[in-house]
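Observations on the three-dimensional arrangement
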Amino acid sequence: GAVVSQHPSWVICKSGTSVKIECRSLDFQATTMFWYRQFPKQSLMLMATSNEGSKATYEQGVEKDKFLINHASLTLSTLTVTSAHPEDSSFYICSARDGGTEQYFGPGTRLTVT
Amino acid sequence: LAKTTQPISMDSYEGQEVNITCSHNNIATNDYITWYQQFPSQGPRFIIQGYKTKVTNEVASLFIPADRKSSTLSLPRVSLSDTAVYYCLVAAGTASKLTFGTGTRLQVTL
């Protein structure tokens, strides 16, 4: 089946710094990728939809200047958390569509901001 | 997007069949029903998808009545490793968004 990877799997950064998370579709081309955030014991919350070659569409309440998304190719999307703060600590998950009805999810990235 | 309602949690013993029902009263004509499984600190994993009647694969069955206002995920003979959160989602085949509900936390014990 289709595989989506994320890098890094976990990251610790200091408050005020920026961190970049990569999402790659390994064996298919993904015209659309999605970024979710999940807090402990909670469900996934969609942050933004990323289309290759165009600006991302952010969900209501998600700061686009804080969570920078770039979808430079059909196999790579990146999420940069700028000026991270402890409240940004969360589990970030990406998913990708291959044009079909299914979304393939990455393994997630655990971000801890100290 | 159709909203889904699932039980918050379920308990089962190993070896039993588990049925998790999801309500989606506002499902649209072009919506599919998809179930995902999520283990702690992992991304969701696709289990099964259907549009109507019954769908079966190597891990589960999905039962969808004629009115499609609900669906039931059936896990045969669960094991301890099936302990996870199960999400029911409803979205159009070409939808750009998936809206995750609360999910059902299944706990399997000996």
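A brief structural summary. The written sequence of each chain sets the order in which its residues are numbered from 1. Each chain takes a letter, starting from A, and each ligand takes a number, starting from 1, following the order in which they are written. Residues qualify for local features only when their pLDDT is at least 70, as the model is predicted, and side-chain atom pairs are given and counted only at 80 or more; totals for whole chains, interfaces and linings, by contrast, use all residues. As a rule here, side-chain values cover all heavy atoms of the structure and leave hydrogens and water aside.

This part covers the overall build of chain B. When helices and strands are counted, chain B shows 0 helices and 9 strands. Counting helices and strands in the order they occur from the N terminus, chain B gives β-β-β-β-β-β-β-β-β. Here the globule rule is a power law, 2.2 Å times the number of residues to the power 0.38, and the radius of gyration is based on C-alpha atoms. The C-alpha atoms of chain B give a radius of gyration of 13 Å, which matches the 13 Å a tight globule of 110 residues would have. We call a residue buried when its accessible area falls under 20% of the maximum for its residue type, exposed when it is over 50%, and partly exposed in between, using a 1.4 Å probe and counting protein chains only. Out of the 110 residues in chain B, the part that is buried amounts to 47%. In what follows, residue pairs with any heavy atoms lying within 4.5 Å of each other are defined as contacts. The contacts in chain B between residues at least 6 apart in sequence include a share of 56% that link residues at least 24 apart. Only DSSP runs of H or I covering at least 4 residues are called helices, and only runs of E covering at least 2 are called strands; the numbering of each starts at the N terminus.

Joining through side-chain atoms within 4.5 Å is the link that ties buried Ala, Val, Leu, Ile, Met, Phe, Trp, Tyr and Cys residues into a set, and such a set is a nonpolar core. In terms of nonpolar packing, the biggest core is built from 25 residues, with A:Val4, A:Trp35, A:Phe67, A:Leu79, A:Tyr92 and A:Leu111 touching the most fellow members. Among the elements of the structure, β2 (10–13), β3 (19–25), β4 (32–38), β5 (45–51), β7 (67–73), β8 (76–81), β9 (90–97) and β11 (109–113) of chain A are those that each provide at least two residues to this core. When sequence neighbours within four positions are dropped, the list of residues in contact with A:Leu111 reads A:Val11, A:Cys13, A:Val19, A:Val81, A:Asp88, A:Ser89, A:Ser90 and A:Tyr92. Among the nonpolar cores identified, the runner-up in size contains 20 residues, and B:Val18, B:Ile27, B:Ala60 and B:Ile64 belong to it.

Listed per partner, the contact involves 20 residues of chain B and 21 residues of chain A. Polar contact is defined as a pair of N or O atoms within 3.5 Å, subject to the rule that within protein one atom must be able to donate a hydrogen and the other to accept it, and that residues adjacent in sequence are counted only when both atoms are side-chain atoms. If you look at where chain B meets chain A, you find 6 residue pairs in polar contact (both at pLDDT 80 or more). Among the elements that line the side of chain B that touches chain A, the one with the most residues is strand β3 (residues 31–38) of chain B, at 3 residues. Residues are grouped as follows: nonpolar covers Ala, Val, Leu, Ile, Met, Phe, Trp, Tyr, Cys and Pro; charged covers Asp, Glu, Lys and Arg; every other residue, Gly included, is treated as polar. Of the residues belonging to the side of chain B that touches chain A, the class tally is 8 nonpolar, 10 polar and 2 charged.

The next point concerns the pairing of strand β4 (residues 45–50) of chain B. Residues and elements named next belong to chain B. Paired strands are those between which DSSP finds at least two bridges. Here β3 runs beside β4; their pairing, made up of 5 bridges, is antiparallel. Paired with Tyr36 across the bridge in β4 is Phe46. A loop of 6 residues connects β3 with β4, the two strands running antiparallel in sequence, and Ser41 in this loop sits at a positive phi of about 60°.

A few words on the state of the cysteines. One way to say it: the disulfide is the covalent bond shared by the sulfur atoms of two cysteines. Any two cysteine sulfur atoms within 2.5 Å of one another count as a disulfide. Under the defined criterion, the tally for this structure stands at 2 disulfides over all chains. A sulfur-sulfur separation of 2.0 Å characterises the disulfide bridge that pairs A:Cys23 with A:Cys94. The disulfide joining A:Cys23 to A:Cys94 has a torsion of about 80° about its S-S bond and is therefore right-handed. One end of the pair, A:Cys23, is in strand β3; the other, A:Cys94, is in strand β9, and 71 residues separate them in sequence. A residue is classified by how much of its surface remains accessible, and A:Cys23, at 0% relative accessible area, is buried. Linked covalently through their sulfurs, B:Cys22 and B:Cys88 form a disulfide whose S-S length is 2.2 Å. Because the torsion about its S-S bond is -80°, the bridge between B:Cys22 and B:Cys88 counts as left-handed. Residue B:Cys22 is found in strand β2 (residues 18–23), and its partner B:Cys88 is found in strand β8 (residues 84–92); the two are separated by 66 residues along the sequence.

Here we come to the side chain of A:Thr78. With respect to the helices and strands, A:Thr78 occurs in strand β8. For A:Thr78, the residues in contact, after removing those within four places along its chain, are A:Lys20, A:Ile21, A:Glu22, A:Trp35, A:Leu68, A:Ile69 and A:Asn70.

Okay, the sheet that holds β8(B) next. Residues and elements named next belong to chain B. The mixed open sheet is built from 5 strands, whose spatial order is β1-β9-β8-β3-β4. If you trace the sheet from one side to the other, it starts and ends with β1 (9–13) and β4, each paired once. Neighbouring strand axes in the sheet, compared pairwise and without regard to direction, differ in orientation by 25° on average. Where β8 lies against strand β9 (residues 104–109), 3 bridges are found, and the strand directions are antiparallel. Bridging from a neighbouring strand, Val85 pairs with Arg105 of β9. Helix axes use the C-alpha atoms of the stretch in contact, all axes being lines fitted to C-alpha atoms, and the angles between their N-to-C directions lie in the range 0 to 180 degrees.

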